[in-house]
Amino acid sequence: PLWLPWIAPPSPCPCRGWGFHHCCAPLGAALSLSLPSPRPPLPGYTLTMEPSRQVETVATEEPTVQEAREEALEAAPFVEKLEVKPWGVLGTQMTGQGERAVGPSPDDATAVVDPTSLAHVQGLGPRSSSGASGAIYGRAGLDRATAFPAEVVAEVQHEHDAKHQRYGSTQVIHVVGPDLRGPEFAHDEKKALEALTEAYTNVLAEFVSSGCARLRLLPLSGGFFSGHYHGDMPGMTIGALGAAFARLSPALQREVLRASALELCVFAQAEFEHFEGALRRVKRLMGVEGGEAPALS
């Protein structure tokens, strides 16, 4: 995604976001776009900073500064509206003492995202699911179902596919996130981010088609599915969500922004501050903390 330079680094980081370790490269790029620099990078180059020097390296496939800024500006209204909540999509939180209810339960105007798998949609069925999906299916009355509705099976055929389905008063968006443990992602963070972006793009499109007023997202590819990206998932999630919104048509973007709430729900208490911090840093970098999107120059 073009707007990747705006992703905040994972937290915590030894350099606190101002040094130039590998995990902070996205922030370094963001600063080169948003803050004055002694010498701006040339077209077709990226500015890589180290504690003692600045080095220009050829990166012909990188977006231009203008393209990256334009996509970041397009994502700004979504990022401004997005909130991180200290509970899962069903309003419960996992603490050191166990699971407890801390937030409101979703009503019939709220779409909750279900991080399902192809194996379950195409064969195993809902009743064999556990974790977040198992909890959602219990609420939706699917915990004993041997198969998903035919509409879901027909639409969720590949990784990244998503489908909204209503189960009584429970509105669910089933989506298959990427398994970042795969060898294709082992040394390719851009490919991992692109896979997350595609999944979130489909989720946002399904949210519009659902007609729901509120959306409860969750970090896709979490837990062991994150592979060696586990520590980077807060920044990668915020970045992929912003890029997903920017990828939508203007009409779909307007519909998403009509939502009364866009929530990124973090089930584990221990992980909340990392996701909330990542979103806060991106909002600060994009200049939307005070309600204004940055001006394009």
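One can find the structure itself at the top, above this paragraph.
In what follows, the accompanying structure is described. (Residues numbered from 1 in each chain as written. Predicted model: local features only at pLDDT ≥ 70, side-chain atom pairs only at ≥ 80, totals over all residues. Heavy atoms only, no water.)

1. So, the sheet that holds strand β9 (residues 214-217)
As summarised here, the arrangement of the six strands in space is β3-β10-β9-β6-β8-β7, forming an open sheet in which the pairing is mixed. Two strands close off the open sheet at either side, each with one partner strand: β3 (82-85) and β7 (162-167). The average undirected angle you get between the axes of adjacent strands in this sheet is 25 degrees. Bridge count for β3 against strand β10 (residues 261-265) is four bridges, and the pairing is parallel. Within β10, the position partnered with Lys85 by the bridge is Cys265. Where helix α4 (residues 131-140) meets the sheet, it contacts β6 (110-116), β7 and β8 (170-176), and its direction lies at approximately 135 degrees from that of β6. Sheet strands touched by helix α9 (residues 269-286): β3 and β10. Its angle to β3, the strand with the most contacts, is close to 160 degrees. (Pairing = 2+ DSSP bridges. Helix = DSSP H or I, 4+ residues; strand = E, 2+ residues; numbered from the N terminus. Axes fitted to C-alpha atoms, helices over the stretch in contact; angles between N-to-C directions. Contact = heavy atoms within 4.5 Å.)

2. Comments concerning helix α6 (residues 189-210)
The first and last C-alpha atoms of α6 sit 32 Å apart over 22 residues, in line with the 32 Å expected at 1.5 Å per residue. Gly211, located one to two residues past α6, shows a positive phi value of around 75 degrees. (Expected span 1.5 Å × (residues − 1).)

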